Amino acid sequence: MLDILTYPDPQLTKRSEPVTEFGQDLADFIHEMTETMLKTRGIGLAAPQVGRLERVIVVSGGEDVLALVNPEIIWREDKTCSYSEGCLSVPGVYAEVDRSSKIIVKAQTFEGEELKIPAEGLFGVCIQHEIDHLDGKLFIDHLSRMKREMLARKTKKYQKRHSPRRYSQVPTT
Ligand code: QAP
Ligand code: CO
């Protein structure tokens with residue numbers, strides 16, 4: 001299980017680098033990302049969230065998990081939709097975000113094969129949310145300053161309440 005970085009970690013604001021080597025290390029990393037996403041009951045995870053500034057995302061697609069390397073949105077529908085989004089790196093808060101309702105994504109598999117995938121609904125939204133992470137952007141960055149500052153305070157409080165430190169303050173005999 002990989003550790004998940006949370007807001008306001010500066011790593012989350014950085015731009016990730018394209019993947020150039022398609023070997024066992026990448027395959028192992030994608031496997032670990034997938035396990036981490038499933039264990040934390042997430043529906044999407046991007047490499048920078050676990051501290052690696054590389055362009056890799058995993059997204060839950062119903063039964064199985066889709067891993068996309070060097071994903072790029074090559075077409076967007078003008079129409080937008082909005083879902084209540086959350087993020088493992090911004091725990092405890094949710095907000096509606098407007099995004100393209102349909103996209104076409106170009107990407108590579110973990111073996112370097114080219115893919116072109118149409119995506120809509122929650123699946124499409126999730127891919128857009130994860131690609132944002134590769135560009136150092138969080139879902140709260142799409143909101144007004146007032147909403148963003150409110151949610152920033154809320155996730156910090158949430159993280160404090162849920163930090164393991166709170167439970168380790170047991171007196172020793
Ligand atoms: C991105 O996010 C997403 O606050 C994936 O306490 C989510 O899996 C895109 C999670 C919704 C579109 C819609 C969040 C888990 C999981 C939390 C996630 C939390 C525990 C977030
Ligand atoms: Co996220």
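Scroll up a little and you will see the structure.
Note that the structure is predicted; figures quoted are calculated from it, not measured.

**Student:** Tell me about the environment of Ser101, and name the residues and values.
**Tutor:** Note that Ser101 resides in the loop between strand S5 (95-100) and strand S6 (102-108). Taking the C-alpha atoms as reference, Ser101 lies 7.8 Å from Arg76; in sequence the two are 25 residues apart. Those residues in contact with Ser101 that sit more than four places away from it in its chain are Glu77, Lys79, Thr80, Cys81, Ala119, Glu120 and Gly121. Within the structure, the side chain of Ser101 is placed 2.6 Å from the side chain of Glu77, a separation counted as a polar contact.

**Student:** Can you break down the layout of surface pockets residue by residue, with the values?
**Tutor:** Of the voids in this model, the largest pocket is the one considered here, and its volume is about 610 Å³. Gly42, Gly86, Cys87, Leu88 and Tyr94 are, among the 30 residues lining the largest pocket, the residues nearest its centre. Only strand S4 (80-85), helix H2 (121-134) and helix H3 (145-161) provide two or more residues apiece to the lining of the largest pocket. A total of six residues in the lining of the largest pocket trace back to one element, the largest contributor, which is H2. Among the residues making up the lining of the largest pocket, the classes are represented as 14 nonpolar, 13 polar and three charged.

**Student:** Before we move on, could you go through a positive patch on the surface and cite the residues and values that matter?
**Tutor:** Side chains of Arg153, Lys157, Arg161 and Arg166 sit close together on the surface and give a patch of like positive charge. Tracing the backbone shows Lys157 in helix H3. Relative accessible area serves as the criterion here: at 62%, Lys157 is assigned to the exposed category.

**Student:** Before we move on, can you summarise the environment of Asp64 with the specific residues and values?
**Tutor:** Relative to the helices and strands, Asp64 resides in strand S3 (residues 64-76). Through-space distance from the C-alpha of Asp64 to that of Val125 is 17 Å; in sequence the pair is 61 residues apart.

**Student:** Report on the site of ligand 1, specifying residues and quantitative values.
**Tutor:** Contacts to ligand 1 come from 17 residues, most closely from Gly42, Ile43, Leu88, Gly92 and Tyr94. The contact in question runs from an oxygen atom of ligand 1 to an N or O atom on the backbone of Gly86, over 3.4 Å. At 2.9 Å, a backbone N or O of Gly92 approaches an oxygen atom of ligand 1. Relative to its free-state accessible area of 500 Å², ligand 1 is covered by the protein chains to the extent of 85%. In a pocket analysis with a 2 Å cut-off to the grid points, ligand 1 is assigned to the largest pocket. Those elements that place two or more of their residues in the shell around ligand 1 are S4 and H2. Looking at the shell around ligand 1, the element that brings in the most residues is H2, giving five residues. Residues of the shell around ligand 1, tallied by class, amount to nine nonpolar, six polar and two charged.

Conventions used here
For every chain, the first residue of the written sequence is number 1, and numbering continues from 1 along that sequence. All chains are assigned letters beginning with A, and all ligands numbers beginning with 1, in the order in which they are written. Two thresholds apply to this predicted model, a pLDDT of at least 70 for residue-level local features and 80 or more for giving and counting side-chain atom pairs, whereas whole-chain, interface and lining totals are computed over all residues. As a rule here, side-chain values come from all non-hydrogen atoms in the structure, and water together with hydrogens is ignored. Every helix listed is a DSSP run of H or I at least four residues long, and every strand listed is a run of E at least two residues long, numbered separately from the N terminus. The contact rule is simple, with two residues in contact once any of their heavy atoms fall within 4.5 Å. By the criterion applied in these results, polar contacts are pairs of N or O atoms within 3.5 Å in which, for protein atoms, one can donate a hydrogen and the other can accept it, and in which residues neighboring in sequence qualify only through two side-chain atoms. Whether a set of points on the 1 Å grid over the protein atoms alone is a cavity depends on a 1.4 Å probe fitting there but being unable to get out, while an open set qualifies as a pocket with protein on both sides within 12 Å along at least five of seven lines; lining residues are those with an atom within 4 Å of a point. Grid points are joined across faces, edges and corners, and a volume is the space filled by probe spheres set on the points. Asp, Glu, Lys and Arg are counted as charged, while Ala, Val, Leu, Ile, Met, Phe, Trp, Tyr, Cys and Pro are counted as nonpolar; the rest, among them Gly, fall into the polar class. Within the patch definition used here, like charges are joined within 9 Å and nonpolar side chains (Val, Leu, Ile, Met, Phe, Trp, Tyr) within 5 Å, considering only residues with over 30% relative accessible area and no salt bridge. Residue burial considers only the protein chains on display, and all accessible areas are found by Shrake-Rupley using a 1.4 Å probe. Salt bridge, as used here: a side-chain nitrogen of Lys or Arg that lies within 4 Å of a carboxyl oxygen of Asp or Glu. Note that His is not counted, nor are the chain ends; the positive residues are Lys and Arg, and the negative ones are Asp and Glu. Taken as the charge location is NZ of Lys, CZ of Arg, CG of Asp or CD of Glu. Buried means the residue's accessible area, taken with a 1.4 Å probe over protein chains only, is under 20% of the maximum for its type, while exposed means over 50%, and partly exposed covers the values in between. A molecule or strand has a residue near it when one of that residue's heavy atoms lies within 4 Å. The rule for placing a molecule in a cavity or pocket is simple: more than half of its atoms must lie within 2 Å of the grid points.

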